[in-house]
Amino acid sequence: MLDIIQDKPQAAPREPEAPPRTGEPDLSRKGVILTYPMFRFWNKEAVDLGVKPQRLNIYVHMPYCIQRCAYCYFKTTTLKDNRLQEIDRYAASVCKELETGSQRFHLRERPVETVYFGGGTPTLLSEENIDKLFATLRENFTLDHPQITFEGEPVTLTERKAAVLQRNQVNRISLGIQSFKEEIVFQTGRRDTEEQTMKAIELAKATGAEVNVDLLSGLAGETPETWAYSVRRAIEAGVHNITLYKLELYANTPYYTSEKHNEIELPTDEEELVLIEYAHAELAKHGYRPVNAFTFTKGGAHDQLNTRSRWQGNDSYAVGVSAFGSLGTWNYQNTNDISAYVEAVERGELAAFRAYNSNTFDLAVRDAVMGIKLVRLDHLWFREKHGLDLLTVCEDELRRLVDERFVTVDDQEIALTARGLIFPDYVARRIEGAMKQFSGTGFGSRARVRF
Ligand SMILES: C[S@@+](CC[C@H](N)C(=O)[O-])C[C@H]1O[C@@H](n2cnc3c(N)ncnc32)[C@H](O)[C@@H]1O
Ligand code: SF4
């Protein structure tokens, strides 16, 4: 491997050398290979690893919302037709899926590090349903002082709801704010006023939980001024985390249709870039440090542990309609249809409608691609885990990424620069491409070798 860490003058090109022949075995019928790796690499310390229960994350999807926001692409449905019974049945199915999954996949002993209630709007769940879900979790899993996150829309976080969350040891509350400017928020079909939003943040803080607020860049009507206002209000709110999402325009959203019919005007990519660069600079100025490609935390503390753990390749048991998770090499997603979901679970069947079984190389690529989105990817940890030296495997591409100021590389880490943080998925895709090319499975690899 060439030295990629320091800038050194380019050496003159050398003649290609014949591949080294050292290490080639002598021709012999002696020395049977009994096992790989050889016994001489085995040690006493590793004995415990085989019986140590592997850490686990749990994701629970709650698809109900007050309204369907014009931009939202998540699997959600509104409360329009007084669906309380339907929600009760759905919550009972989630409890059943947790219970059966714990047995089916032998999860009971595994230390649960994080539980994430996402949506939709989990804060819409009734007090009884929230209590039931937590009782089910406690009965069927080993909760190892987990970080427990509850997502919610500000208007749904009442004092009473906040108390229920506190009672159930929810220690992270994530509020979808999108914008503090009412004229922007109202255009999306939401009705959260700035006052209600601020009140919800205070209520969430008063429970003792860490508080995250989501802002969405690229909403209709957004200008540098309105965006600066939202960023400023989020910082003034003194929350632990600020998460910045870029609006993704999906064909299943009213935003998409309105844009096609010229009924709304969305910021162009160039305009959105200005917004996000501004937000990153402001957050840095006020001591918010990125812990992943989207979330900035006060002083770098208060990490979003569910994302961290999953993106480092730990298992996530996901339940609920449309939820996706992974257990070992098996990745799966539950059906998107609420009735089909409930009926499958009630019959005691898996609710998954699609899955993918990763091979060992997929797992390595996953850890590199998702790992770099955690801002710093420890390549020594990666080598220990996968037996691959990323600096060798991706040498040329990493050099280009360094030259283009997307990443820095040192003895321990590949890290996103400020510029890389603006384009995390792009950087991740380039690393993916380099790994696949190296392995002979990617686009641009040589034609299949034949003998
Ligand atoms: C699933 S929502 C849950 C939060 C809660 N229901 C709310 O909106 O108040 C989580 C976040 O996803 C983000 N989101 C929704 N639609 C999006 C889109 N089309 N592109 C990017 N992010 C989106 C929003 O920022 C939202 O706060
Ligand atoms: S943004 Fe939140 S409240 Fe709006 S539809 Fe999506 S999940 Fe529901």
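The paragraphs below set out a description of the structure included in this document. Worth saying up front: this structure is predicted, and the values here are computed from it rather than measured.

Procedures and definitions
Residues numbered from 1 in each chain as written. Chains lettered and ligands numbered in written order. Predicted model: local features only at pLDDT ≥ 70, side-chain atom pairs only at ≥ 80, totals over all residues. Heavy atoms only, no water. Helix = DSSP H or I, 4+ residues; strand = E, 2+ residues; numbered from the N terminus. Contact = heavy atoms within 4.5 Å. Pairing = 2+ DSSP bridges. Near = heavy atom within 4 Å. Polar contact = N/O pair within 3.5 Å; in protein donor to acceptor, adjacent residues only side chain to side chain. Areas by Shrake-Rupley, 256 points an atom, 1.4 Å probe, with all protein chains shown as cover. Nonpolar A, V, L, I, M, F, W, Y, C, P; charged D, E, K, R; others polar. Patch = residues over 30% accessible without salt bridge, like charges linked within 9 Å, V, L, I, M, F, W, Y side chains within 5 Å. Salt bridge = Lys/Arg side-chain N within 4 Å of Asp/Glu carboxyl O. Expected span 1.5 Å × (residues − 1). Buried < 20%, exposed > 50% of the residue type's maximum accessible area, 1.4 Å probe, protein only. Axes fitted to C-alpha atoms, helices over the stretch in contact; angles between N-to-C directions. Parallel < 35°, antiparallel > 145°, perpendicular 65-115°, else oblique. Left-handed = near helix turned anticlockwise from the far one by under 90°. Disulfide = S-S within 2.5 Å. Lys, Arg positive; Asp, Glu negative; His and termini not counted. Charge placed at Lys NZ, Arg CZ, Asp CG, Glu CD.

Its location among the elements puts T243 in strand β8 (residues 241-246). Once residues lying within four places of it in the same chain are set aside, the contact partners of T243 are N212, V213, D214, L215, F294 and T295.

With that settled, the discussion passes to the pairing of strand β17 (residues 413-416). Relative to β17, strand β15 (residues 376-378) runs antiparallel, the two sharing three bridges. Across the sheet, L377 pairs through a bridge with I414, a residue of β17. Bridging between strand β16 (residues 407-409) and β17 involves three bridges; their strand directions are antiparallel. Across the sheet, V407 pairs through a bridge with L416, a residue of β17. Counted along the chain from β16 to the antiparallel partner β17, the turn is three residues long.

Right, let's talk about the site of ligand 1 for a bit. Y71, G119, G120, Q178 and D214 are the nearest of the 19 residues found near ligand 1. Here a nitrogen atom of ligand 1 and a side-chain polar atom of T121 are 3.2 Å apart. Relative to its unbound accessible area of 570 Å², ligand 1 is 95% covered by the protein chains. Among the elements of the structure, β5 (142-152), β6 (172-178), β7 (210-217) and β8 are those that each provide at least two residues to the shell around ligand 1. Here the residues of the shell around ligand 1 sort into seven nonpolar, six polar and six charged.

Right, let's get into the site of ligand 2. All residues adjacent to ligand 2 are C65, Q67, C69, Y71, C72, T76, G120, T121, E153 and R190. Grouping the constituent residues of the shell around ligand 2 by class yields four nonpolar, four polar and two charged.

Time to look at a nonpolar patch on the surface. Judged by side-chain polarity, V32, I33, L34, Y36, M38, F39, F41 and W42 come together as a nonpolar surface patch covering roughly 1000 Å² of accessible area. For W42, the position within the fold is in the segment before β1 (56-62).

What follows deals with helix α11 (residues 360-372). Here α11 contains 13 residues, and its C-alpha end-to-end distance of 19 Å stays within 8% of the 18 Å for a straight helix at 1.5 Å per residue. L363, A364, V365, D367, A368, V369, G371 and I372 are the residues of α11 that are buried. Elements in contact with the buried residues of α11: α9 (305-311), β15, α12 (379-386), α13 (390-393), β17 and α16 (424-439). N-cap assignment for α11: the residue whose side-chain oxygen lies 3.0 Å from the backbone N of F361 is N359.

All told, the structure shown has 24 salt bridges when counted by the stated rule. Of the charged contacts, one joins E282 and K285 as a salt bridge, the two residues approaching to 2.9 Å between their closest N and O atoms. With E282 and K285 both in helix α8 (residues 269-285), this residue pair falls three residues apart, about one helical turn. Given a relative accessible area of 14%, E282 falls into the buried group. For K285, a relative accessible area of 62% corresponds to the exposed category. The shortest N-O distance in the salt bridge between R430 and E397 comes to 3.1 Å. You can see R430 sitting in helix α16 and its partner E397 sitting in helix α14 (residues 395-403), a full 33 residues away along the chain. Each member of the pair, R430 as well as E397, is classed as buried. Through salt bridges with shared partners, one network takes in E127, D131, R160 and R167.

Let us now look at the packing of α11 against α16. Viewed as axis vectors pointing N to C, α11 and α16 meet at an angle of 155°, and their least axial separation amounts to 8 Å. With respect to α16, the axis of α11 lies roughly antiparallel. Crossing of α11 over α16 shows right-handed handedness. Where α11 approaches α16, its residues F361, A364, V365, A368, V369 and I372 are matched on the opposing element by V427, A428, I431, E432, M435, K436 and S439. Residue composition of the contact of α11 with α16, grouped by class: ten nonpolar, one polar and two charged.

The next thing to look at is the environment of V342. Among the structural elements, V342 can be located in helix α10 (residues 338-346). Along the backbone, V342 and V321 are 21 residues apart, and their C-alpha atoms lie at a distance of 8.3 Å. In this structure, V342 is in contact with R89, Y90 and S93, ignoring residues within four places of it in sequence.

Moving on, we come to the state of the cysteines. Tallied over the entire structure, the rule returns zero disulfides. For C95, which is in no disulfide, the shortest distance to another cysteine sulfur is to C65 and amounts to 19 Å. Assessed through its relative accessible area of 11%, C95 is described here as buried.

Moving on, we get to a negative patch on the surface. A surface patch of negative charge is lined by E265, D269, E270 and E271. Tracing the backbone through its elements, the reader meets E270 in helix α8.

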